[in-house]
Amino acid sequence: MGVRGLQGFVGSTCPHICTVVNFKELAEHHRNQHPGCTPTIVVDAMCCLRYWYTPESWICGGQWREYFSSLRDFVKTFTTVGIKLIFFFDGMVEQEKRDEWVKRRLKNNREISRIFHYIKSHKEQPGRNMFFIPSGLAIFTRFALKALGQETLCSLQEADYEVASYGFQNNCLGILGEDTDYLIYDTCPYFSIGDLCLESLSTVMLCRKKLCESLNINVADLPLLACLLGNDIIPEGMFESFRYKCLSSYTSVKENFDKKGNIILAVADHISKVLHSHQGEKKLEDMLPLGPNKALFYKGVASYLLPGQKSPWFFQKPKSLISLGKQVVSMSSDPECKQGVPMCIDYGSQQGLPMCTDPESNQGFTDPESNQGFPMCTPPKSNQGIPMCTPPESKQAVPMCTDPESKQEVPMCTDPESKQEVPMCTEPESKQEVPMCTPPESRQGVPMCTDPESRQGVPVCTDPESRQGVPMCTDPESRQGVSMCTDPESKQGVPMYTDPEFKQGIPMYTDPEFKQGVPMCTDSKSKQGIPIYIDPESKQGVPMCTDPEIKQKLPPGADPEFKLEALMCTNPAIKEDLVNMEPEVKQVTLVSDPDILKVARADHVQAESYLVYNIMSSGEIECSNTLEDALDQALPSQAFVYRPVRQRVYSLLLGDGGDGAGTCPTVKEWFVYSGNPLRHPDLVRPLQMNIPGGTPNLKLLWLNQEPGTQARRVEALLGCFDLSSSREELQAVENPFRALCCLLTYLFVQVDTLCLEDLHAFIAQALCLQGKSTVQLVDLQLDYIDSRAVQLGSLLVRGLTTLVLVNSACGFPWRTSDFMPWNVFDGKLFHQKYLQSEKGYAVEALVEHNRSRLTRFHALKSVVCKACAKENRRIVSRQHWRSHQPGRWGRQGSGSHRTSSGCSRADPGQHWRDSGPGSRQYEPDHWRRYSSSSGC
């Protein structure tokens, strides 16, 4: 995370920039300096997860009660001394950082493989050196902090930028995290979470000013240094050769420093001595080997600029400089303006001619191709200098005028009717000079033809295929000329867009918000034009809409698949320097209703929902690593088990109310599972839900407060799990076990290798958890660790995160606390019950001989078994399963699997691990279990 090599450099080479501080003392000083202002620390929560997770056991799925207690102690320690905490969580992965995200996920896969190898070899949890955070920790930490009354926010871009911005704009006491990017941002002080001693409230403050003094650079140079060293945006290898060139010319190499330390010193020395000497005179691309990576490099530097900040490295050429290529230009004195005027030599007359001067910039007019200045003549009437050119055919100098938009010189002729000078251009076919018109909107000269009806001049363009002139109109927003076609109904000209793949003209309209021409399709009902977006994967048109809340800037040369993703920095002060930026436009989203988007965005920012806004805004989501055994061919990955649920959520969020008239776009899933190289996202199609009365729309689920709406929300939630037929049984279950029964029913219907012993363990641990204290859970000891139980624990926890998604998508029909893991799941307790159940313990022993728990156990088991029976899934014991089943997950064998309608169809029985990762488009309910594998 952060800048490559900087963390080690600070620890080994520049330890003096680290100062031990006490938060209690800092807070008191802050109150004295700012009376009436509460000392506030901005917490980068993603950096703190490892610090917060203090339970000794982490392998079994998470010790959630202990973890919640640890968070409560953390918050209480700060609030006791009057310090307010603001927690930020990552809400998305930016496209510029996707490669780094993938690299870390693949690295985590290798770590998980070593963990399972260790478990199988030693039957115990690995040491802390192999620690891997429990699945879902970041998601449930949000809700834990909110339950503790803390302000918790979820970012709309990379969290570190929003953390730094919040600290900078709100005069915060500092930032608490573990990311060297906070040394680069020019924001409030940066404190290390890794060095925090909670008992004394002391930690290490890393001072960016002291770092700059050690490197002999300015604070404003730090973003440049970070990009040259490599960070999450700029790959480390991009400037590797440049760094070694700096090292080879660095004269102060220190033998006692490591190689990376000397490289950082050498690059900083180059910035200080070489780049500073040309700062303000040359652009970065003229001083650094940026090559084709110029746009990315500028973007990386700009990503560190907080609102209102400017970078001295974004070059603006001084107006006093005049550049005419490599010519030596002398100056003459203009008697009228008393200013120096550059001169050139007319090689025909051998006389000096004054060079034209731009009246605004006072710079000489320069041919952009030849980098040479134009001579000028002075007409007797205007007494103003006019540039001249000599056409090669006539060898005679003719006056020129300047196109105010392109700043290029064009020859002029005299209109015989108006007696005015009119610019000319050369028609490419006839090679003849023809008059031009300059539309006031575009300010660019175009050839003209005469309309035989109106007898007026009309601009034309040349069709590249037919080579014939086509009438043009001017787009009033983009100010560019576009070809026209005639609407057969209105008989009026309509601008056209040429599809580059099919070479066909498509009518366009100009969006007043986007200020760009957008292809249209015609709504079959309203007969009105609707803007469309061409999906680069499916090559199909998707109706467009805009999110009125978000405005973003677009890189014009970006990958078309990601061309609608926002750049890190939208600072207007650097807009002119980022030459790859287009005018500000609104983000294209997949949902059109502004009220619905507003609600989704608010829930996202306030950390109330999970993935909902990502689906609706960008149609792209991700899920990190899960503790899954890549060698276990019996248990499927959670990515596949819960995919049908997500597909129904996509239909609910992106559909049109369930009437089937519209088509939902595919959603890009970056989910980690064994065999997925993560080169491309999986393209997953929505799956229509089967709900009595049809799928309700989001306005009903989210905005309607009528009494009957709650029942519709519950129907939608159960419909996402395809359990509408068991609504009455599940609704009768008491809290907090209702959500657990729903999840267990779905799991046992979906995964055939789950047996009766597994169900007993899941239910028994949830019942016993209610009567145990945190201390009792801490003292719980396990005989050994079973790798299958480890994966089952993670599978259930990922199901709880899926419940968070479904509940928020359906308008929160159930209380969020009912499926928080500290209320329904404990990793060690489940592992204990699993081992006991495997050994054949009676149900009475599993519930610890508690008569009340025994009664509730049989009631919950009955609900799950009956609901599964409705789906033709009979849950049997492992002994029965081993004697009747092939010994692996049911998908492996041939047979049939049910579609969402309950019908069966033939299928070759492809195993889930052989499904082919990447950009494959997954059809609805493709991962439905095989009915032939269940006991009937």
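- The name recorded for the chain in an unreviewed UniProt entry is Constitutive coactivator of peroxisome proliferator-activated receptor gamma, from Canis lupus familiaris.
- Database annotation for the chain, UniProt heading Subunit (unreviewed entry): "Interacts with ESR1 and RXRA. Interacts with PPARG; in a ligand-independent manner."

Here we look at the sheet that holds strand β6 (residues 190–192)
(1) Moving on: Within the open sheet, the seven strands sit side by side as β1-β7-β6-β5-β2-β3-β4. Their pairing is mixed. Of all the strands in the sheet, the pair left with one neighbour each is β1 (18–22) and β4 (151–154). Direction aside, the axes of adjacent strands within the sheet are offset by 30 degrees on average.
(2) Moving on: Note: strand β2 (residues 40–44) against strand β5 (residues 174–177), three bridges, orientation parallel. Among the inter-strand pairings, Ile-41 is bridged to a residue of β5, identified as Gly-174.
(3) Moving on: Contacts between helix α6 (residues 137–147) and the sheet are confined to β3 (84–89) and β4, with β3 contributing the most and set at about 155 degrees to the helix.

Some words on the packing of aromatic side chains
(1) Moving on: The full count for this structure, using the stated rule, is 25 aromatic pairs.
(2) Moving on: A centroid spacing of 5.1 Å and a plane angle of 40 degrees characterise the contact between Phe-68 and Trp-822, whose relative ring orientation is tilted. In this pair, Phe-68 is assigned in helix α4 (residues 64–80) and Trp-822 in helix α26 (residues 821–824), connecting sequence segments 754 residues apart.
(3) Moving on: A relative accessible area of 15% means that Phe-68 is categorised as buried.

Some words on the confidence of the model for the chain
(1) Moving on: Here the chain averages 76 in pLDDT, and 63% of its residues register 70 or above.
(2) Moving on: Mean pLDDT values over the elements of the chain span from 30, in strand β32 (residues 904–907), up to 98, in β2.
(3) Moving on: Segment residues 509–516 is flagged for pLDDT under 50; beyond a separation of four residues in sequence, or across chains, it makes 20 contacts in the model.
(4) Moving on: Contacts for the low-pLDDT stretch residues 923–936, under 50 throughout, to residues beyond four places or in other chains number 72 contacts.

Thoughts on helix α18 (residues 643–654)
(1) Moving on: Compared with the 16 Å implied by 1.5 Å per residue over 12 residues, the 16 Å span of α18 between its first and last C-alpha is a close match.
(2) Moving on: α18 sits mainly inside the fold: 12 of its 12 residues count as buried.

Concerning unusual backbone geometry
(1) Moving on: Pro-736 follows Asn-735 through a cis peptide bond whose omega is 5 degrees.
(2) Moving on: Along the chain, Pro-736 falls in the loop between α21 (727–731) and α22 (737–750).
(3) Moving on: Within the chain, Lys-123 stands out as a residue other than glycine whose phi angle is a positive 55 degrees.
(4) Moving on: Secondary-structure assignment places Lys-123 in the loop between α5 (98–122) and α6.
(5) Moving on: The phi angle at Asn-216 is positive, at roughly 60 degrees, despite the residue not being glycine.
(6) Moving on: Residue classification places Asn-216 among the exposed positions, given a relative accessible area of 54%.

Side note on the pattern of salt bridges
(1) Moving on: For the structure on display, the rule yields 33 salt bridges.
(2) Moving on: In this structure, the salt-bridge partner of Arg-856 is Glu-734, at a minimum N-O distance of 3.4 Å. With Arg-856 in helix α29 (residues 851–870) and Glu-734 in the loop between α21 and α22, the pair connects residues that are 122 residues apart, well separated along the chain.
(3) Moving on: A relative accessible area of 29% places Arg-856 in the partly exposed class.
(4) Moving on: For Glu-734, a relative accessible area of 42% translates into the label partly exposed.
(5) Moving on: Bridged by salt links that share partners, the residues Arg-4, Glu-100, Lys-103, Arg-104 and Asp-232 form one connected network.

Some remarks on the pairing of β2
(1) Moving on: Buried residues dominate β2, accounting for five of its five residues.
(2) Moving on: Neither face of β2 is left uncovered, since the one carrying Thr-40, Val-42 and Asp-44 and the one carrying Ile-41 and Val-43 both have all their residues buried.
(3) Moving on: Pairing of β2 with β3, which is carried by five bridges, proceeds in the parallel orientation. Counted as the bridge partner of Val-42 is Ile-86 from β3.

Remarks on the environment of Glu-199
(1) Moving on: Considering the arrangement of structural elements, one finds Glu-199 in the loop between β6 and β7 (202–206).
(2) Moving on: Residue Glu-199 is classed as exposed on the basis of its relative accessible area of 73%.
(3) Moving on: Considered as a pair, Glu-199 and Phe-74 are 125 residues apart in the sequence and their alpha carbons are 9.7 Å apart.

Topic: the environment of Glu-757
(1) Moving on: By secondary structure assignment, the location of Glu-757 is in helix α23 (residues 756–769).
(2) Moving on: Sequence separation between Glu-757 and Lys-839 is 82 residues; the distance between their C-alpha atoms is 9.5 Å.
(3) Moving on: Residues contacting Glu-757, with those up to four places away along its chain left out, are Ser-837, Glu-838, Ser-877, Arg-878 and Gln-879.

Rules and cut-offs
- All residue numbers here refer to positions counted from 1 along the written sequence of the relevant chain.
- Residue-level local features of this predicted model are given only where pLDDT is at least 70; pairs of side-chain atoms are given and counted only at 80 or more, and the full residue set underlies all totals for whole chains, interfaces and linings.
- As a convention, hydrogens and water are excluded, and side-chain values are obtained from all of the structure's heavy atoms.
- UniProt positions are given in the numbering used here, feature names are shortened, and annotations may be inferred rather than shown by experiment.
- The criterion for strand pairing is that DSSP finds at least two bridges linking the strands in question.
- Strands are runs of DSSP state E lasting at least two residues, helices are runs of H or I lasting at least four, and both sets are numbered from the N terminus onward.
- The angle between two axes is taken between their N-to-C directions and runs from 0 to 180 degrees, where each axis is a line fitted to C-alpha atoms and a helix contributes only its stretch in contact.
- When checking whether two residues touch, look at their non-hydrogen atoms; a contact exists if any pair is within 4.5 Å.
- Aromatic rings from Phe, Tyr and Trp, with only the six-membered ring used for Trp, were paired whenever their centres fell within 6.5 Å, and each pair was classed as stacked if the ring planes differed by under 30 degrees, edge-to-face if by over 60, and tilted otherwise.
- Only protein chains enter the accessibility calculation, which uses a 1.4 Å probe. A residue is then buried if its area is under 20% of the maximum for its type, exposed if over 50%, and partly exposed in between.
- The predictor rates its confidence in each residue with pLDDT, a number between 0 and 100.
- The span you would expect from a helix comes to 1.5 Å times its residue count less one.
- Each salt bridge in this description consists of a side-chain nitrogen of Lys or Arg and a carboxyl oxygen of Asp or Glu lying within 4 Å of one another.

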